[in-house]
Amino acid sequence: MRRSARPDTGRYPYLDNAAGSPPRPRPIALSHRGFAPDGGENTLAAFEHAVALGFRYLEIDVHASSDGVVMVFHDDVLDRVTGDRGPVAARTAQELGRLSVGGGGGIPTLEAVLLRWPEVRLNVDVKSDTCVRPFADLINRHAAHDRVLVASFSDRRRRAVLRLLDRPTASSAGMAVNALLRIAAPLGLAGPVARAARVHALQVPETYRGVRVVTRGFVRRCEEAGLQVHVWTVNERAGMDRLLDLGVHGIVSDAADVLAECMGERAVWPQGRPPD
């Protein structure tokens, strides 16, 4: 029998974005590395801008400093967005915090973000193996399991994090499991594969190397398997509308202002209240 409506998010409050009376599921809007049209991605200022627009979901990236602190930063080297060079992992948290990102504030710690916006949920891409244990320890210490979704291009790294967490935590597929689920879905096997891989969402581009990934049929098969579909990185209004009309469960965007306007006009904004 086909599942009706949307995936069951009861065990993973992160994925539950219901709002209204009576509560109805709403698509998740994720601000990609915060909102920093003039630079300064993954900074406290970028997150502040996104939260001010009404976002309650942020997509972020993390690495570990040389002294084992979880830092919010995308690249494994400093060169692209700071005035410095070299690996992130070669600097202490204090040194990283003093650097200028995009001409603005320094690299923040994940703990600072968790504490500053307790109502915000974080889609966290774990970028390095050295970050696995410090990240899991931090989430356990703050009991932040309902506020995060664990992501990584590496399914091995993602599974390593999940094994260290002491409560069930939402997770999205890495590259290998994404590919496997694409094959399994038309065969009706996506559900068993997702359960074995501990996956609750697929985060995919609309197209990959000229091949369309996200179709109405793909979204339907994922729903039947109990999976949400989040699409990245969508910056044009037409694309947002097209994907929402297909029934996707989430959109990741650099253009947070455009996405907020889109959601507002579709009467699915502001986002739902996170768990207490």
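Model, not experiment: these values are computed from the prediction. (Residues numbered from 1 in each chain as written. Predicted model: local features only at pLDDT ≥ 70, side-chain atom pairs only at ≥ 80, totals over all residues. Heavy atoms only, no water.)

Attention now moves to the pattern of salt bridges. When the charged atoms of two side chains lie near each other, side chains of opposite charge can form a pair. All told, the structure shown has 20 salt bridges when counted by the stated rule. Residue aspartate 146 is joined to arginine 167 by a salt bridge in which the shortest nitrogen-to-oxygen separation is 3.2 Å. Residue aspartate 146 is located in the loop between helix 4 (132-142) and strand 5 (148-151), and its partner arginine 167 is located in the loop between helix 5 (155-164) and strand 6 (170-171); the two are separated by 21 residues in the primary sequence. Residue arginine 167 is classed as partly exposed on the basis of its relative accessible area, which comes to 35%. Across the salt bridge formed by aspartate 241 and arginine 237, the nearest N and O atoms sit 2.8 Å from each other. Taken together, the residues aspartate 241 and arginine 237, both in helix 9 (residues 237-246) and four residues apart, mark about one turn of the helix. Through salt bridges with shared partners, a single ionic network connects Arg33, Glu41, Asp61, Asp75 and Arg80. (Salt bridge = Lys/Arg side-chain N within 4 Å of Asp/Glu carboxyl O. Helix = DSSP H or I, 4+ residues; strand = E, 2+ residues; numbered from the N terminus. Buried < 20%, exposed > 50% of the residue type's maximum accessible area, 1.4 Å probe, protein only.)

The next thing to look at is the confidence of the model for the protein chain. Parts of the model with low pLDDT should not have their predicted coordinates read in detail. The pLDDT averaged across the protein chain works out to 93; a share of 95% of its residues lies at or above 70. In this model residues 1-6 is a low-confidence stretch, pLDDT under 50, and it forms 13 contacts with partners more than four residues away in sequence or in other chains. (pLDDT = per-residue confidence, 0-100. Contact = heavy atoms within 4.5 Å.)

On to unusual backbone geometry, then. Even without glycine at this site, asparagine 42 takes up a positive phi of about 60°. Asparagine 42 sits in the buried class, given a relative accessible area of 2%. One non-glycine residue, alanine 267, lies in positive phi territory at about 60°. Note on placement: alanine 267 falls in the segment after helix 10 (256-265).

So, on to the nonpolar core. By size, the foremost hydrophobic cluster in this structure holds 68 residues, and its most contacted members are Leu110, Leu122 and Phe135. Among the nonpolar cores identified, the runner-up in size contains eleven residues, and Tyr14, Leu149, Ala151 and Ala170 belong to it. (Core = buried A, V, L, I, M, F, W, Y, C linked by side-chain atoms within 4.5 Å.)

For the coordinates displayed, the defined rule picks out three aromatic pairs. For the ring pair phenylalanine 47 and tryptophan 117, a centre distance of 6.3 Å and an interplane angle of 90° mean the geometry is edge-to-face. Here phenylalanine 47 is found in helix 1 (residues 44-52), whereas its partner tryptophan 117 is found in the loop between helix 3 (110-116) and strand 4 (121-126), with 70 residues between them in sequence. Ring centres of phenylalanine 55 and tryptophan 269 lie 5.0 Å apart, and the angle between their planes is 70°; this geometry places the pair in the edge-to-face category. Of this pair, phenylalanine 55 sits in the loop between helix 1 and strand 2 (57-64) while tryptophan 269 sits in the segment after helix 10, and the two are 214 residues apart along the sequence. (Phe/Tyr/Trp six-rings, centres within 6.5 Å; stacked < 30°, edge-to-face > 60°.)

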